Every structure is written in C-alpha cells, then in structure tokens.
Amino acid sequence: MVDLSLYLAFVVAAAALCVAPGPDMMFIVAMGGRGGPATGVLAAVGVACGALVHALAAMSGLSALFAHLPVLYHVLRWAGAAYLVYLAVKAFRDRSTLQGDEGPPAGPDPRRLRAFWQGMLTNLLNPKVILFNIAFLPQFVNPALGHVAGQLIILGLTLVLLGLCVDAVVGVLSGRLASVLRRSRRVARGLNLFSGSVFAALAVRLVTSPE
C-alpha cells in the first residue's frame, strides 16, 4: 500500500523531527519535572493522543476548514494560548513538593491523570499541528499506488508512534531527575517556577510565531 522508499525517507525525516526539541517536548519536560517519571510518560501519551486526532483530521479533510474559515485558526490558537497561561498560573501558585513514584499507589493518581488530559488538550488546541500534518504527510504519498487515505493513515500512525517513543523517554528522564531532587522544598518550588515559565513561553510562542 505504501512506497517503501518513500516510507523509509519518511521514517528518517519523522525521527529527526521527533528528537528536535519543540513545544510538546518542552511541555513534557515541565510535567515530568513537576510530577515525576509516571507523570511525564502520561503527559507524553496525552500529547500522542492529541497528535493522533490531528492526523485523523488531516486525513479526513476536516482541517481544510482552516482554508475556508481563517477565523477558526485564530480562535483555536488563542484558546490554546489561554489554556497554557492557565497552566502557567497554576504552576506559579503551586506550593506543594513533588509527588514520589515509589511504591504501588492506593488508587489512580489525579495529578498523573491530569497530566494526560493536559497533554492531549494542549496538543489539540495547537492549530499549527494540523497545518503541519497537511503540509508534511502528503509529501510521502505515492498517488500512483492508490489508497491515498490508507497511505496517510500509515504515515500518520508512524509519526504518532515515533513521537510517543521519544517523548516517553524524555518524560521518564525529566521525571527521574526531579525525583532525585524532590526532597528539597526549595528545589520543588524552583521546578514549579520553571514549569510555569515554560507554559508561559509556549503561550507567547503560539500567538506570536509566524502562521
């Protein structure tokens, strides 16, 4: 169903994009730093779920709405920035120490579950991810083979899985570092300030970077 040479080129290009630091990776670093390895991984899974929705939207043609309704792009962009500002304010006001990851939890950890939903929502509210899928995925489709939608699905799933693998490792590493330092209330406060600064910077980047 796919052109093997094009697919291999896509994997190389996608892998390079996934390991390059970007907004999603910085978000995951911030979440892992605040909550530990498990929180970082769940944030990565949430980002991956958001990326999957974006990929499916691009494949189904829903993202073409941006071409006909430019205001939709700006509404989504400002909504994403507002949500990131909300996360920044929460991080700045957080006075708690980092949660540990040792021992079996007594039940689902609300903070980790929030990390999943926050990762997914942050990714979904970034319209530039949709535009990226529109511009990037079709370059590696061979129309002569037919099944264009199927080729896009394979490419989209590959991109999401590669991103999840890289981001999960980043979440674990940032969380491990935070776990080593979590005994210090001062360091915990510093990590919360770092996280808030990252969220605020991402919000500014979302509304000021070229469309």
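What counts and how
Residues numbered from 1 in each chain as written. Predicted model: local features only at pLDDT ≥ 70, side-chain atom pairs only at ≥ 80, totals over all residues. Heavy atoms only, no water. Helix = DSSP H or I, 4+ residues; strand = E, 2+ residues; numbered from the N terminus. Buried < 20%, exposed > 50% of the residue type's maximum accessible area, 1.4 Å probe, protein only. Contact = heavy atoms within 4.5 Å. Areas by Shrake-Rupley, 256 points an atom, 1.4 Å probe, with all protein chains shown as cover. 1 Å grid on protein atoms, 1.4 Å probe; cavity = no way out; pocket = protein on both sides within 12 Å on 5 of 7 lines; lining within 4 Å. Points joined across faces, edges and corners; volume = space filled by probe spheres on them. Nonpolar A, V, L, I, M, F, W, Y, C, P; charged D, E, K, R; others polar. pLDDT = per-residue confidence, 0-100. Phe/Tyr/Trp six-rings, centres within 6.5 Å; stacked < 30°, edge-to-face > 60°.

Draft legend 1. Quick look at the overall build of the chain. The secondary structure content of the chain amounts to 9 helices and 0 strands. The 211 residues of the chain split such that 44% are buried. For the chain, restricting intrachain contacts to residue pairs at least 6 apart in sequence, the fraction spanning at least 24 positions comes to 85%. Just so you have it, the chain exposes about 10700 Å², and 74% of that area is on carbon and sulfur atoms.

Draft legend 2. Highlighting empty space enclosed by the protein. Applying the stated rule across the entire model yields 1 cavity of 30 Å³ or more. What the largest cavity holds in volume is close to 120 Å³. Around the largest cavity sit Pro23, Asp24, Phe27, Gly80, Leu84, Thr122, Asn123, Leu125, Asn126, Leu202, Arg205 and Leu206, which together line it. Secondary structure elements with two or more residues in the lining of the largest cavity: α2 (23-35), α5 (70-93), α6 (110-124) and α9 (185-208). The class makeup of the residues in the lining of the largest cavity is 6 nonpolar, 4 polar and 2 charged.

Draft legend 3. A look at the confidence of the model for the chain. In the predicted model, the chain carries a mean pLDDT of 79, and 82% of its residues have values of at least 70. Counted against residues more than four places away or in other chains, residues 98-107, with its pLDDT under 50, gives 21 contacts.

Draft legend 4. Quick peek at the packing of aromatic side chains. Scanning the model with the defined rule gives 4 aromatic pairs in all. Seen in terms of ring centroids, Phe10 and Phe140 are 5.2 Å apart; in terms of plane orientation they differ by 70°. Their pairing is edge-to-face. On the criterion of sequence distance, the pair formed by Phe10 in helix α1 (residues 4-19) and Phe140 in the loop between α7 (127-136) and α8 (148-181) is long-range, its members being 130 residues apart. Per residue, the accessibility class of Phe10 equals that of Phe140, and both read buried. With centroids separated by 4.9 Å and ring planes inclined at 80°, the aromatic side chains of Phe116 and Trp117 adopt a geometry described as edge-to-face. Three or more aromatic residues joined by ring pairs form one cluster here, namely Tyr7, Phe10 and Phe140.

Draft legend 5. Region of the structure containing the side chain of Asn126. Topologically, Asn126 is positioned in the loop between α6 and α7. Owing to a relative accessible area of 14%, Asn126 belongs among the buried residues under this scheme. Not counting chain neighbours up to four residues away, the residues in contact with Asn126 comprise His54 and Leu206.

Draft legend 6. Geometry of the layout of surface pockets. Roughly 710 Å³ of internal volume is contained in the largest pocket. If you trace the largest pocket, you find 27 residues lining it, with Leu17, Pro23, Asp24, Val129 and Phe132 closest to the centre. The greatest single-element share of the lining of the largest pocket, amounting to 7 residues, is contributed by α8. Of the residues contributing to the lining of the largest pocket, the split by class is 17 nonpolar, 6 polar and 4 charged.

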